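A closer look at the structure
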Amino acid sequence: MTKTAAIYTLGCKVNQYESAAIGDLFRQAGYQLVDFEQPADVYVVNTCTVTHLGDRKSRQIIRRAAKQNPAAVIAVTGCYAQTSPGEVLEIPGVDLVVGTRDRARIVKLVEGHVKNKGPVNAVEDIMQSECFEELPVPTEQGKARAFLKIQEGCNSFCAYCIIPYARGPVRSRLPENVLKAATELVQQGYQEIVLTGIHIGAYGQDFTAQNIDLAWLVERLAAVPGLRRLRLGSVEPHDINTALIEAVANHPNICRHLHIPLQSGDDQILAKMRRRYDTREYNRLIAEIYRKVPGVAITSDVIVGFPGETEANFQNTLRTVAKAKFARIHVFKYSPRKGTPAAEFADQVPPEEKEERSRRLIELGEQLAHEFAQIQVGKDLEVLVEQPSHEYTPLWEGHTDTYLKVIFPADESVRGQIVKVHIDNVEGPILKGTIISKQAG
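The text that follows walks through the structure, step by step, so that each part is easy to find. Predicted model only: the values in this text are computed from it and were never measured. (Residues numbered from 1 in each chain as written. Predicted model: local features only at pLDDT ≥ 70, side-chain atom pairs only at ≥ 80, totals over all residues. Heavy atoms only, no water.)

1. Examining the overall build of the chain
Tallying secondary structure elements over the chain gives 13 helices and 18 strands in all. When its C-alpha atoms are laid out on the principal axes, the chain stretches across 65 × 60 × 50 Å. Burial status across the chain gives 55% buried among its 441 residues. Look at the contacts in the chain between residues 6 or more apart in sequence, and 72% of them connect residues 24 or more apart. (Helix = DSSP H or I, 4+ residues; strand = E, 2+ residues; numbered from the N terminus. Buried < 20%, exposed > 50% of the residue type's maximum accessible area, 1.4 Å probe, protein only. Contact = heavy atoms within 4.5 Å.)

This is the structure:
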């Protein structure tokens, strides 16, 4: 009888990429992957610990797996598993905890448990990791867009962030392995590759060769034969140099979309956060990008309610965000993470103030997103067709290179293609249009 495995992913794009790779490892070992809601011989839960909600959700999913098949092997990996393996092992039904390294061995560890029984804590000291862990290039990421992990870890240690403790120091994937993986994805038919990692702007910092950085890698990826689109994941402000901006400006297949975390628009709060820039530097950077990359979409992350944030600090953030004219922002209410410096700060902001500031900033973000979308009306834009729209049935949906969602009449024949769509109107941040030519470019 064929063995079955089910995987549940919480958290970021890196986790999604790693779960897809873990799925391939199980397939290669002869397992059939099934939906997480179905009975399975093995359940893998890839956890998140960015917030307390991530921890809580991770525990809920682990318990759900244990209830679905008490005889199954429950393997837990990811950031929550790395930072709190003891807590995870205390959850009834957990058999194996792996963390954020040694995922390449997860099938072997699972099958070792089947033979030996008894819970296993396979979590290693992540701070001792020195090399990027190679995993299979995921082959089941959908038909249009694939994620490509190029680095692991972070050395920044921002005051609020647990991730450096969960992912360890910066480790960059060897350039030849990145290029090989990108070529394989293109050969599989993917139209767009998204570079992902924990701190992709730090790519190459751990190499002895001084000239290898993110811009260097992006230039070479843009030259991969047949690659229609290359999209960058989140890049920190201090990691964006002139060479990277010029690469985006000069290569038509590099998406005109940069996600540049702001986190706060107030210099006092940025300093408390241990961010490595101030608002003047940030504003100067995005002004240069707007000048050199016409039509670019800049998106961002902003945290509200960081310890010590006053109404005056928050007003500065509102002004900075409005001035930046972001195409979209993600708003996060500050959540203390045990083990980070900010969790010990005395001047924590009351929950009701966080909620109110979050609401006001989200409203501003929605206004800016609509304004950016409105500019596109009347244009003919290239759109990567992804899937039928769940909200606007029977329409289909996809994204422009600036990562605007577009909905339009279509059928299965254009799934995974880049088509040209005339934009007729806009609803909030969503564009509505009509296909005017197929397989654009």
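After presenting the structure, the write-up continues.
2. A closer look at the pairing of strand E16 (residues 405-408)
The sheet contact formed by strand E15 (residues 396-399) and E16 spans four bridges and is antiparallel. Bridging from a neighbouring strand, histidine 399 pairs with lysine 405 of E16. The turn linking E15 back onto E16 is made up of five residues, and tyrosine 403 within it adopts a positive phi angle of 65°. Inspection of the sheet shows E16 paired to strand E18 (residues 430-437) by two bridges, in the parallel sense. Within E18, the position partnered with isoleucine 407 by the bridge is lysine 432. (Pairing = 2+ DSSP bridges.)

3. Let's talk about helix H2 (residues 52-68)
With 17 residues, H2 extends 25 Å between its outermost C-alpha atoms, agreeing within 8% with the 24 Å of an ideal straight helix rising 1.5 Å per residue. Every buried residue of H2 is accounted for by Gly54, Asp55, Ser58, Ile61, Ile62, Ala65 and Ala66. The buried side chains of H2 occupy one side of the element, clustering within an arc of 140° when seen end-on. Away from its buried face, by an angle of more than 90 degrees, H2 presents the exposed residues Leu53 and Lys67. Buried residues along H2 sit against strand E1 (4-9), strand E3 (42-47), strand E4 (73-78), helix H3 (79-83), helix H4 (85-89) and strand E5 (94-99). N-capping of H2 is provided by threonine 51, with a side-chain oxygen placed 3.2 Å from the backbone N of leucine 53. (Expected span 1.5 Å × (residues − 1). Arc of directions from axis to C-beta. Polar contact = N/O pair within 3.5 Å; in protein donor to acceptor, adjacent residues only side chain to side chain.)

4. Some details on the environment of proline 164
Topologically, proline 164 is positioned in helix H6 (residues 163-167). Looking at proline 164, the relative accessible area reads 1%, which means it is buried. Linking proline 164 and isoleucine 126, residues 38 residues apart in sequence, is a C-alpha distance of 9.3 Å.

5. Notes on the sheet that holds strand E11 (residues 257-259)
The three strands lie next to each other as E11-E12-E13, forming an open sheet whose pairing is parallel. What marks the edges here is a single partner per strand, and that holds for E11 and strand E13 (328-333). Here the average twist between neighbouring strands, direction ignored, is 15°. Strand direction decides the pairing type here: strand E12 (residues 297-304) and E13, joined by six bridges, are parallel. Bridging from a neighbouring strand, valine 302 pairs with valine 331 of E13. (Axes fitted to C-alpha atoms, helices over the stretch in contact; angles between N-to-C directions.)

6. Here we look at the pattern of salt bridges
Applying the stated criterion across every chain, the model contains 34 salt bridges. Among the ionic pairs, arginine 27 bridges to aspartate 24, the shortest N-O distance being 2.5 Å. Placement of the pair is arginine 27 and aspartate 24 together in helix H1 (residues 13-28), with a separation of three residues, close to one helical turn. We classify arginine 27 as partly exposed; its relative accessible area is 33%. A relative accessible area of 5% means that aspartate 24 is categorised as buried. Among the salt bridges present, the one from arginine 173 reaches glutamate 134, with a minimum N-O distance of 2.8 Å. Taken together, the residues span a long stretch of sequence, with arginine 173 in the loop between strand E8 (171-172) and helix H7 (175-187) and glutamate 134 in the loop between strand E6 (120-121) and strand E7 (145-152) at a distance of 39 residues. Relative accessible area serves as the criterion here: at 34%, glutamate 134 is assigned to the partly exposed category. Within this structure, Glu18, Arg103, Glu133, Lys149, Glu152 and Arg167 form a network of salt bridges that share partners. (Salt bridge = Lys/Arg side-chain N within 4 Å of Asp/Glu carboxyl O.)

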